[in-house]
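Descriptive structure summary
Chain by chain, the residues run as shown.
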Amino acid sequence: MKQTAKTPSRKSKGAATPLQIDGDMTIYQADELKQKLLGTLAGPAAAVQVDLHNVSEIDTAGVQLLIAAKHAATALGKTLTVTACSKAVTEVLELFGLVSFFADAAASA
Amino acid sequence: MNLDQALQTFIVESRELLEDMEGALLGIRDVEDQSASINAIFRAAHTIKGSAGLFGLDQIVEFTHVVESVLDRVREGTIAIDDPLVALLLGCSDHMGGLIGALAAGQTDRDAAADERAAPLLQRLRALLGEAPAAAPSAPAATPAAALPAADAEGPTGADHWHISLRFGREVLRNGMDPLSFLRYLGKLGEITGLVTLPYALPALADMDPEACYLGFEIALKSAADKAAIEGAFEFVIDDCQVHILAPRSRISEYVALIEQIGEEPARLGEILVHCGSLTARELEGALSRQKESALHQPLGQILVEQGTVQPAVVDAALSRQKQVKDHKSPEGQSIRVDAEKLDHLINLVGELITAGAAANLAARRSRNVEVQEANSQLASLVQEVRDSALQLRMVKIGATFSRFRRVVHDVSREIGKDIELQVRGEDTELDKTVVEKIGDPLTHLVRNAMDHGIENAETRVARGKPAHGTVTLNAFHDSGSIVIEVKDDGGGLNRERILAKAIERGLVEPGAALTDKETYGLIFEPGFSTAEQITNLSGRGVGMDVVKKNITALRGTVEVSSEPGAGTTVSLRLPLTLAIIDGFLVGLGKSSFVIPLEMIEECIEFSTETGKDYTDLRGQVLPLIRLRDTFRIEGSAGSRQSIVVIKHAGKRTGIVVDALLGEFQTVIKPLNRMFGQVKCISGSTILGSGEVALILDAPALISQTAQREMERAKSAGAPSREIQSSTVGA
């Protein structure tokens, strides 16, 4: 499945920017995904809320990108949280022991 | 799925596992780290039980289950593995082998007789299990890791799970492997009780390569699997991943070593270990302070030196791991099973190919067409390579056969109450599978004989100033186209007088006959000859050395004995490497052709001798001659340019006088019809390219026959012995 990320055109300054990712988050989409995450983080919003409820498959590459994005957000003084997960994402995050890491606003890893 | 076929696989695999188990049991006293052997034994029992369960073979499952339970205790360290237990487990492995054997024979129903045989074994096993809880020390049980120096006074940690530390390499994802799947697999081996994902090498988002892997994991795994099984989970990424596995209840010092080895921030890693539940906070504190202490008090150089001293253990571990992987791979990954019949068929076809090739070669030469000849010679060299590879397929290492004797020696030494050790050398020597199959019995007899009659009892040995425990050595090596297998003991040697007395008593030798040592010792291979004063249940069962000799002769081999009083006896079996196709050398004699095995030939020289003499001078040495023309009564007079083919067998050189040297010839051995069974000096026949038949010379028989004839002649004529003759020639 093709991966798409929608960044809403309406940019509310200072408010949370939702980022919905659809489709797969695997090594095949990794580069594209990295650009999306970088783009979103470069935006003005101080908080990024990642919605993964429509992700059908995620692998280590995908998880790794999310971790890096979270680190990047913290470095920029912003926050990144995962607000919704599909079943596939939940299973993987649980296995990696990363559920609370992405749910908390403050980065701790 | 074809159940029958699956069952056959089960039978074959179970037999192999039982062999492994037996090997591990027999070797367990000699290895330093017993845990690997214990694991191998356990794995064998466990796998057999599991597979037997699949086929609903309850009898095997029930019995193996009890064995497995005992082995489990052994693994935990609550039952010590000692000699009686080894003997008991060997008995169990035999019984399992018996059950599998019955299965292979088509018996799938429960066999009451087998149950009866199992009963005493089960009773002893259950006794061990019953006592075990009471005998179990309340102190922490020894773990496989307890093989480490006991001097390390630090107690084990409380954690009863494995701790696995993983650092994946950059290329893992790109190589199509996902750490996720390894974690999932670990989840199947047991329960992951704690896991921390470490983005230990993760660069900033903008700089990262999204397809590289930057993650590491610290995992606590509660599992009954052994270390090999856990390591096996990472087999596919082993080159791309750092894996550290700590056994349950490892010592704190081992965790310290782990923290040091990984070399990231110690405090952080320590916390992670606590987080995983592998260490308690208190244990961590102790570990870190210990580490700090050593860092404070020792200058850097000293620490490095210390690291140097640590290295051998690490190297050892790495080596044994490597060996394990190798051992693991060799039966499965690197070999395939092929029906022996298919192989035989291939060899037959290659034989036909060679014969056809020889005919083509002949035709090509007659055609005088250079192009055809060239193409043909290329073809011929290819055929030769095909032949060599095809024969190579049949070659097996003798090691497997030798290792079977560890069991024989173990059992027999118990039975006769002598402490005897088996030494094995040249395990990698290869020989034809057919030969291997047929030498098992003769070898068993020789080994038993050496143990029973050869090696003296302990008191005598000590009195003679020899070590109390005897040694039987099996040795194999290649020697001019044959394989030599030696069975050697360090016992008292053969008693020349007793052999002679016995031989005279049996009428094998005339009283007063002067025999050389070799001839005397050779008498023990005569039918019905046994010098054992007391008949034990090992030897003297009617199967004598004569049977050994018959079996070996049937394989175109020879047997020789050498013995030194007080120092031991060596029996050497000399066997041809293959039974099917050889490199031959074609010689002509009148109108007939003969083939001499090329490997025996040393050189060819021009014929020259004084008329009527049966020897010639080969660079100052006497070379006895065999005139084939006389031996085979070939008609017609010798050509003007005779040649001598110098052959070497068992260290002796002999010259064969022939009319013409016809060159090398790939010889497919066709056995002679049984009608010609009595024919001496011919070992088989082959078909030449022209379609004619050539006989293959049995050189050893030729040599011995000539030697015998000479001796008779020398005796009857009262002529000077050979030695005197040789000095005349030399002078």
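Residues numbered from 1 in each chain as written. Chains lettered and ligands numbered in written order. Predicted model: local features only at pLDDT ≥ 70, side-chain atom pairs only at ≥ 80, totals over all residues. Heavy atoms only, no water.

Further remarks concern the overall build of chain A. Looking only at helices and strands, one finds four helices and four strands in chain A. Listed N to C, the secondary structure of chain A is β-β-α-β-α-β-α-α in terms of helices and strands. Scored against the burial criterion, the 109 residues of chain A give a buried share of 50%. Sequence separation of 24 or more characterises 73% of the internal contacts of chain A that already satisfy a separation of 6 or more. Roughly 5,000 Å² of accessible area belongs to chain A as shown, and the carbon and sulfur atoms make up 55% of that amount. (Helix = DSSP H or I, 4+ residues; strand = E, 2+ residues; numbered from the N terminus. Buried < 20%, exposed > 50% of the residue type's maximum accessible area, 1.4 Å probe, protein only. Contact = heavy atoms within 4.5 Å. Areas by Shrake-Rupley, 256 points an atom, 1.4 Å probe, with all protein chains shown as cover.)

What follows concerns the overall build of chain B. Helix and strand content of chain B: 22 helices and 21 strands. Across the 731 residues in chain B, those meeting the buried criterion constitute 41%. For chain B, long-range pairs separated by at least 24 residues make up 70% of all intrachain contacts whose partners lie at least 6 apart in sequence. Total accessible area computed for chain B in this model is approximately 38,900 Å², and 52% of it derives from carbon and sulfur atoms.

With that settled, the discussion passes to the pattern of salt bridges. Residue and element names in this part refer to chain B. Counted by the stated rule, this structure contains 18 salt bridges over all chains. Among the salt bridges present, the one from Asp-94 reaches Arg-407, with a minimum N-O distance of 2.6 Å. In this pair, Asp-94 sits in helix H4 (residues 83-104) while Arg-407 sits in helix H14 (residues 399-416), placing the two residues 313 residues apart along the sequence. Look at Asp-94 and you get partly exposed, because its relative accessible area is 38%. A relative accessible area of 9% means that Arg-407 is categorised as buried. In this structure, Arg-174 engages Glu-211 in a salt bridge whose closest nitrogen and oxygen atoms are separated by 3.7 Å. In this pair, Arg-174 is assigned in the loop between strand E1 (162-168) and helix H6 (179-189) and Glu-211 in the loop between strand E2 (191-198) and strand E3 (216-222), connecting sequence segments 37 residues apart. On the basis of relative accessibility, which here comes to 38%, the residue Arg-174 falls in the partly exposed class. Salt bridges sharing common partners tie together Glu-456, Arg-461, Arg-464, Lys-466 and Asp-490. (Salt bridge = Lys/Arg side-chain N within 4 Å of Asp/Glu carboxyl O.)

A few words now on the pairing of strand E20 (residues 682-687) of chain B. Residue and element names in this part refer to chain B. Sheet analysis places E20 next to strand E21 (residues 693-697), joined by five bridges and oriented antiparallel. When the bridges of E21 are listed, Gly-684 appears paired with Ile-696. Count of turn residues in the E20/E21 antiparallel hairpin: five residues, of which Gly-691 carries a positive phi of about 95°. (Pairing = 2+ DSSP bridges.)

All names here are of chain B. Structurally, Ser-413 is set in helix H14. Overall, Ser-413 belongs to the buried group, its relative accessible area being 12%. Ignoring sequence-local partners within four residues, the contact set of Ser-413 consists of Lys-418, Ile-420 and Met-451.

With 24 residues of chain A in contact, the opposing surface of chain B contributes 22 residues. Considering only the side of chain A, the residues that lose the most area to chain B are Gln64(A), Leu95(A) and Phe96(A), jointly responsible for 31% of the buried surface there. Along the contact surface separating chain A from chain B lie one salt bridge. The salt bridge partner of Glu91(A) is Arg184(B), with a shortest N-O separation of 3.2 Å. Among the elements of the structure, helix H1 (30-42), helix H2 (60-75) and helix H3 (87-96) of chain A are those that each provide at least two residues to the side of chain A that touches chain B. Considering each element in turn, the side of chain A that touches chain B owes the most residues, nine residues, to H2(A). Among the residues making up the side of chain A that touches chain B, the classes are represented as 16 nonpolar, four polar and four charged. (Buried area = accessible area lost by both parts, 1.4 Å probe. Nonpolar A, V, L, I, M, F, W, Y, C, P; charged D, E, K, R; others polar.)

The next point concerns H6(B). Residue and element names in this part refer to chain B. Buried within H6 are the following residues: Pro-179, Leu-180, Phe-182, Leu-183 and Leu-186. Each buried residue of H6 sits inside an arc of 165° when the element is viewed along its axis, so together they form one side. Between the side-chain oxygen of the N-cap and the backbone nitrogen of Leu-180 there are 2.9 Å, and the N-cap of H6 in question is Asp-178. (Arc of directions from axis to C-beta. Polar contact = N/O pair within 3.5 Å; in protein donor to acceptor, adjacent residues only side chain to side chain.)

With that settled, consider unusual backbone geometry. All names here are of chain B. Despite not being glycine, Arg-368 shows a phi value in the positive range, around 55°. As for its placement among the helices and strands, Arg-368 is situated in the loop between helix H12 (340-367) and helix H13 (370-394). For Arg-368, a relative accessible area of 72% corresponds to the exposed category.

Moving on to the confidence of the model for chain B. All names here are of chain B. In the predicted model, chain B carries a mean pLDDT of 75, and the fraction of residues at 70 or more is 77%. In the predicted structure, residues 328-332 sits below a pLDDT of 50 and forms four contacts with residues beyond four places in sequence or in another chain. When the criterion is pLDDT under 50, residues 719-731 qualifies, and its contacts beyond four places in sequence or with other chains add up to nine contacts. Interface scoring of the predicted complex returns ipTM 0.81; its pTM is 0.46. (pLDDT = per-residue confidence, 0-100.)

Residues and elements named next belong to chain B. Read from one edge of the open sheet, four strands run E2-E3-E1-E4, paired in antiparallel fashion. Whereas interior strands pair on both sides, the edge strands pair on one side only; in this sheet they are E2 and strand E4 (241-246). Across the sheet, the mean angle separating the axes of adjacent strands is 15° when strand polarity is ignored. In terms of strand pairing, E1 meets E3 through six bridges, oriented antiparallel. (Axes fitted to C-alpha atoms, helices over the stretch in contact; angles between N-to-C directions.)

A word on the environment of Ala233(B). All names here are of chain B. Looking at the element boundaries, Ala-233 is found in helix H7 (residues 227-233). Take Ala-233: its relative accessible area is 7%, and that puts it in the buried class. As a C-alpha pair, Ala-233 and Tyr-185 span 48 residues in sequence and 7.0 Å in three-dimensional space. Among all residues touching Ala-233, those that are not within four sequence positions of it are Phe-182, Tyr-185, Leu-186 and Leu-189.

Turning to H1(A), a few remarks are in order. Compared with the 18 Å implied by 1.5 Å per residue over 13 residues, the 18 Å span of H1(A) between its first and last C-alpha is a close match. Considering only its buried residues, H1(A) is in contact with strand E2 (16-25), strand E3 (47-58), H2 and strand E4 (79-85) of chain A. (Expected span 1.5 Å × (residues − 1).)

Let's shift gears to the sheet that holds strand E16 (residues 621-627) of chain B. Residues and elements named next belong to chain B. Taken together, five strands build an open sheet; the order of strands is E14-E17-E18-E16-E15 and the sheet is mixed. The outermost strands of the open sheet, each flanked by one partner alone, are strand E14 (601-606) and strand E15 (615-618). Shown here is a sheet whose adjacent strand axes are inclined to one another by a mean of 35°, direction ignored.

This part takes up the packing of H12(B) against H13(B). Residues and elements named next belong to chain B. Where H12 meets H13, the axes come as close as 10 Å, and the angle between the chain directions of the two elements is 160°. Taken together, the axes of H12 and H13 lie roughly antiparallel to each other. Seen from above, H12 lies across H13 with left-handed handedness. Between H12 and H13, the contacting residues are Leu-343, Asp-344, Leu-346, Ile-347, Val-350, Leu-353, Ile-354, Ala-360, Asn-361, Ala-364, Arg-365 and Ser-367 on the first element and Val-372, Gln-373, Asn-376, Val-383, Val-386, Arg-387, Ala-390, Leu-391, Leu-393 and Arg-394 on the second. (Parallel < 35°, antiparallel > 145°, perpendicular 65-115°, else oblique. Left-handed = near helix turned anticlockwise from the far one by under 90°.)

Residue and element names in this part refer to chain A. Mapping Gln-29 onto the fold places it in the loop between E2 and H1. When the C-alpha positions of Gln-29 and Gly-62 are compared, they lie 8.4 Å apart, and in sequence the two are 33 residues distant. Side chain to side chain, Gln-29 and Thr-26 meet in a polar contact 2.7 Å long.

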